[in-house]
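# Residue-level structure breakdown
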Amino acid sequence: MILQLYISAVIFFVESSSMAIFCSGDQELDGLEGTIQSPNYPDNYDHDTDCSFLIVPLPGNSVSLKFTDFHVDYNHGGSCHDWVEVNPPVKSKSQFCGYLIGMAPGEGKSYTFPEDEPVTVTLHTDGYSGNKGFSAFF
């Protein structure tokens, strides 16, 4: 009976820790790993949205962030209408938009921040068109 409860608890923990967390307001996340996503992902995000994730590493650890999908509205002239902002910056850049994974923070590769450094990922959208947004693993 105790073993069955333990196994059930472990299964619940594994299943619940692998669920995606949608951006909604300002959220603080701590722990080892998870998936963060824009609102409504993979459907289009809403207009006039501002939400953020604060990812706090466990003491003595670093946050690694890998965007696995990225389509955030932008002007083909290069300016961002909607954007994802990452602080501290990734390779000296903090604001990202575009429709290719190579335009995402870390260019689709895992990016590791300094030890014990909290990381904020913010989505800002304007009042016009929307796209599917992003999905990222931390």
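Scroll up for the structure.
The structure reproduced in this document is the subject of the present report.

What counts, and where the lines are drawn
- Residues numbered from 1 in each chain as written.
- Predicted model: local features only at pLDDT ≥ 70, side-chain atom pairs only at ≥ 80, totals over all residues.
- Heavy atoms only, no water.
- Pairing = 2+ DSSP bridges.
- Helix = DSSP H or I, 4+ residues; strand = E, 2+ residues; numbered from the N terminus.
- Disulfide = S-S within 2.5 Å.
- Buried < 20%, exposed > 50% of the residue type's maximum accessible area, 1.4 Å probe, protein only.
- Axes fitted to C-alpha atoms, helices over the stretch in contact; angles between N-to-C directions.
- Salt bridge = Lys/Arg side-chain N within 4 Å of Asp/Glu carboxyl O.
- Core = buried A, V, L, I, M, F, W, Y, C linked by side-chain atoms within 4.5 Å.
- Contact = heavy atoms within 4.5 Å.
- Phe/Tyr/Trp six-rings, centres within 6.5 Å; stacked < 30°, edge-to-face > 60°.

What follows covers the sheet that holds strand β10 (residues 133–137). One open sheet accounts for five strands, arranged β1-β3-β10-β5-β8; its pairing is mixed. In this open sheet, the two edge strands, each paired with only one partner strand, are β1 (20–22) and β8 (111–112). Across three bridges, strand β3 (residues 35–37) lies against β10 in antiparallel orientation. In the strand pairing of β10, Gln37 is matched with Ser135.

Let's shift gears to the state of the cysteines. What makes a disulfide is a covalent bond joining the sulfur atoms belonging to two cysteines. Tallied over the entire structure, the rule returns two disulfides. Note on cysteine connectivity: Cys23 is disulfide-linked to Cys51, with sulfurs 2.0 Å apart. One disulfide, between Cys23 and Cys51, carries an S-S torsion of 125 degrees and so falls in the right-handed class. Pair noted here: Cys23 is in the loop between β1 and β2 (26–30) and Cys51 is in strand β4 (residues 50–56), with a separation of 28 residues, a long-range link. Accessibility assignment for this pair places Cys23 and Cys51 in one class, buried. A sulfur-sulfur distance of 2.2 Å marks the disulfide that ties Cys80 to Cys97.

What follows covers the sheet that holds strand β7 (residues 93–96). Spatially, β2-β4-β9-β6-β7 is the arrangement adopted by the five strands of the open sheet, whose pairing is mixed. Two strands in the sheet have a free side with no partner beyond their single neighbour: β2 and β7. Here the average twist between neighbouring strands, direction ignored, is 15 degrees. Pairing geometry for strand β6 (residues 83–90) and β7, over three bridges, is antiparallel. Counterpart to Val84 in the pairing with β7 is Phe96.

This next bit is on the pattern of salt bridges. Scanning all chains against the criterion turns up one salt bridge. Asp69 is the salt-bridge partner of Lys132, the closest N and O atoms lying 2.8 Å from each other. Of this pair, Lys132 sits in the loop between β9 (119–124) and β10 while Asp69 is found in strand β5 (residues 64–71), placing the two residues 63 residues apart along the sequence. The class of Asp69 is buried, set by a relative accessible area of 18%.

Another aspect to go through is the nonpolar core. Ile36, Leu65, Phe67, Val84, Val121 and Phe134 are the most contacted members of the largest nonpolar core, which totals 26 residues. Those residues within four positions of Val121 in sequence are excluded, and the remaining contacts are Ile36, Cys51, Ser52, Phe53, Leu65, Phe67, Val84, Glu85, Val86 and Phe134.

Side-chain direction in a regular strand flips from residue to residue, so the side chains alternate between the two faces of the sheet. The pairing of β6 with β9 spans five bridges and is classified as antiparallel. Looking at β9, one finds that Asn87 is bridged to Thr120. In this structure, the hairpin formed by β6 and β7 is closed by a connection of two residues, where Lys91 is found at a positive phi of approximately 50 degrees.

A full pass over the atoms with the stated rule returns four aromatic pairs. Here Phe67 and Phe70 contribute two aromatic rings whose centre-to-centre distance is 5.9 Å and whose plane-to-plane angle is 90 degrees, an arrangement assigned as edge-to-face. For Phe70, a relative accessible area of 2% corresponds to the buried category. Members of the aromatic cluster, joined through ring pairs, are Phe67, Phe70 and Phe134.

Spatial relationships are all this shows, so hold off on functional conclusions.
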